[in-house]
Amino acid sequence: MKNHRKTIIISIIIVLLLLIAGGTVMLNQHQTLLQSGRKGNGEITTYPFAKGMREFKEMKVYVQDSKQTQALQLYSVNTNPKRNYPTDDSLLKKAAVATFDMKGKITVAVVYPKAVKSVQVRPATADVKTKIKGKTVFFTLKKWGQYSVEMNGDSITKDLLIFANPPQEKIPASAKVIKGRVDGPLNIAQGQTVYLAAGSVIDGPVTMASDSKLLGRGILTQGGPPAINVPNADHVTIDGINIFDPNDWVVQLYNSTHVAIHNLKIISCRDNSDGITIQSSQDVTIDHSFIRSWDDSIVLKNYTNTNKQNIKVTNSLIWTDLAQSMEIGFETNKGNPLTSMKLSNVLFENIDVLHAFHKAPISIHNADNCSISNVTFKNIILEDAQMGVSGTHGEGGGWPYLIDFDNGNSEEMGGDASWTNNDGNRSIENVLVEGVWVLAGEKSSCGLRLLNEDSGGKSQMKNIQLKNIYFKKQALNFTSMINEANLAGHVSDKNSPYFSPFK
C-alpha cells in the first residue's frame with residue numbers, strides 16, 4: 001500500500017513538472033520569437049487576476065517590453081452578438097480580454113488554437129501591422145489604448161480585446177482603496193474618492209455623489225440597473241475602471257453637471273444594457289473610452305425639466321451589437337409636458353465605430369416636444385457597417401441607415417409607442433455631420449432617413465449639413481433621399497473628392 005501511494009505521488013510530481021516545463025518552453029519559444037523582431041522600448045505593468053472571474057483559455061497572449069516577456073491571464077467576458085430581444089444566456093458568447101498598463105512601445109504575441117489565415121487589429125486608425133506565423137500573430141503597440149484583435153474575419157467567436165492602460169497615477173492619500181472581491185451596492189459619499197485596485201471586483205451597483213471620484217484598474221460586474229448611477233450630482237470623475245456583464249443600464253448620469261469620464265471600458269450583453277445614458281445633464285465629457293453595448297452605446301435623453309447642453313464625446317471606440325451607437329432620443333422630454341425642452345451643444349468627434357450591427361451609428365430621434373440644436377458629428381470612422389442586414393451579422397432585423405434624423409412620434413419612426421411622452425413642438429436645427437468614412441461592410445446599410453412628421457405643423461428641421469461622407473472610397477450621395485423627405489431647402493449634401501482619414 002505504501003509503495004502504491006509512493007508511486008502515485010511520484011507520478012503526480014512528474015506530471016506537474018512536465019506541465020511547468022511545457023509552459024516554460026512555450027514562454028521561451030515566444031520570448032525568442034518576440035526578441036527576434038524589433039524590440040520595444042516600453043514598459044508593461046501586469047495585474048493580479050481578479051478573484052472569482054472566469055479565465056479565457058482558448059488562446060494565449062504574451063507581451064514584451066524592454067526588459068522581459070510575460071504571459072497574460074485573459075478574462076472570459078460575456079458578449080451578445082445576436083439581436084434577439086428579450087435575450088437569454090444561451091445566446092451569449094465569450095470574448096477574451098487582456099488588461100495591463102503600458103508606456104512606450106511594446107510587442108504582443110497571440111497564440112490561437114488553429115492556424116491563422118488573416119487577422120485585423122482595430123481601430124484602423126492605430127495602423128497596427130501584424131505578422132502571422134502558423135497559429136501565432138505578432139504585432140507592436142505604439143501607445144496605450146483599447147484594441148480589438150479579430151482572427152480569420154471572425155469578430156464573434158475569436159475576438160481578443162486588449163485594454164492597454166496608461167501608467168497609473170499615484171493613488172490619492174485620502175482615497176478609500178478597495179482590494180479583492182467586494183459585494184455591492186457601494187455608495188460613494190460626497191467628496192469621497194474610491195480607488196479600485198488592480199485585481200479587485202465590485203459585484204454589484206455603485207452610486208456616486210457630488211465631488212466624488214471612482215478611479216483605478218478594478219472591475220465592476222453584475223451591477224445594476226444601473227451599474228454606476230450618478231444622480232443629481234456635480235463634479236464627478238470616473239477613470240480607468242472596467243465594467244463587465246452588467247445587468248441592465250451600465251452608466252447613468254441623471255440631472256448631473258460637470259461629469260468627466262476617461263478610459264472607461266464597458267462590455268455589456270443583456271437586455272437594455274445601454275453603455276452611457278446621459279439624462280438631463282450638462283457639461284459632460286467622455287474621452288478615450290471603449291463601449292461595447294447591447295443597446296444604445298452612448299445616448300442622450302431628457303428625463304427631467306432641466307435643459308441638456310455641453311456634451312462632448314471624443315477619441316473613443318464604440319462597438320454596437322444592438323440599437324444605435326451615438327444617439328439622441330427617443331425620450332427627449334419625459335419630464336415637462338407643458339414646456340418644450342432644449343438639448344444643445346453636443347459634440348461627437350474622433351469616434352471609431354468598430355462594428356455597427358443593428359441601427360444607425362449617427363442618430364437623432366426627437367420623439368417629444370424638444371428643441372435640439374447645435375449638434376456635431378465629426379471625423380467618424382465606421383469600420384464594419386452591418387445595419388439592418390439579415391443573416392449571420394443581422395439577426396433580429398434593424399434599420400439600414402448610416403444617418404437617421406427624425407422629428408415625430410416614436411411609432412412613426414418604428415419605435416415603441418411608450419417612447420413618446422409629450423407630443424408637441426419639435427425641432428432639429430444646426431446639425432453638422434462632417435467627415436464620415438465607412439471602411440467595410442454593406443453599402444445597403446448606409447442609407448439616410450429624414451422624417452419630419454408635422455404633428456399639426458409643429459415640427460421643423462433646418463440647417464442640416466452633410467459633408468464628406470464616404471463608403472470605402474466612394475462619396476455617398478443623399479440628394480434623392482433629401483428630396484423625398486421634402487427637405488431640399490433645409491438639408492444639404494456636399495462631398496469633396498475622396499481623401500483618406502488616416503494621417
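About the cut-offs
Residues numbered from 1 in each chain as written. Predicted model: local features only at pLDDT ≥ 70, side-chain atom pairs only at ≥ 80, totals over all residues. Heavy atoms only, no water. 1 Å grid on protein atoms, 1.4 Å probe; cavity = no way out; pocket = protein on both sides within 12 Å on 5 of 7 lines; lining within 4 Å. Points joined across faces, edges and corners; volume = space filled by probe spheres on them. Nonpolar A, V, L, I, M, F, W, Y, C, P; charged D, E, K, R; others polar. Phe/Tyr/Trp six-rings, centres within 6.5 Å; stacked < 30°, edge-to-face > 60°. Helix = DSSP H or I, 4+ residues; strand = E, 2+ residues; numbered from the N terminus. Buried < 20%, exposed > 50% of the residue type's maximum accessible area, 1.4 Å probe, protein only. Lys NZ or Arg CZ within 6 Å of the ring centre and 35° of its normal.

This part covers the layout of surface pockets. Take a probe with the size of a water molecule and roll it over the atoms, and the empty space left behind shows itself. Volume-wise, the largest pocket comes out at about 850 Å³. Around the largest pocket, the lining comprises 26 residues; the ones closest to its centre are Thr 125, Ala 126, Lys 143, Asn 315 and Asn 350. Taken as a whole, the second largest pocket holds about 510 Å³ of empty space. Around the second largest pocket, the lining comprises 21 residues; the ones closest to its centre are Asn 272, Asp 295, Asp 296, Ala 323 and Trp 419. When the residues that make up the lining of the second largest pocket are grouped by side-chain class, the tally is 7 nonpolar, 6 polar and 8 charged.

Attention now goes to the packing of aromatic side chains. By the definition in use, this model includes 11 aromatic pairs. Measuring from ring centre to ring centre gives 5.3 Å for Phe 163 and Phe 290, while their planes differ by 55°; the resulting arrangement is tilted. Here Phe 163, found in strand S10 (residues 154-165), pairs with Phe 290, found in strand S27 (residues 290-294); they are 127 residues apart in sequence, far enough to count as distant. Here Phe 163 and Phe 290 have matching classes, each one buried. Measuring from centroid to centroid gives 5.9 Å for Tyr 470 and Phe 499, while their planes differ by 80°, and the two rings are edge-to-face. Here Phe 499 lies in the segment after strand S39 (491-494) and Tyr 470 lies in strand S37 (residues 459-471), a separation of 29 residues in the sequence. Of the residues examined, Tyr 470 reaches a relative accessible area of 0% and is grouped as buried. Judged by relative accessible area, Phe 499 falls into the partly exposed class, the value being 36%. In this structure, Arg 449 packs its charged tip against the face of Trp 399, placed 4.7 Å from the ring centre.

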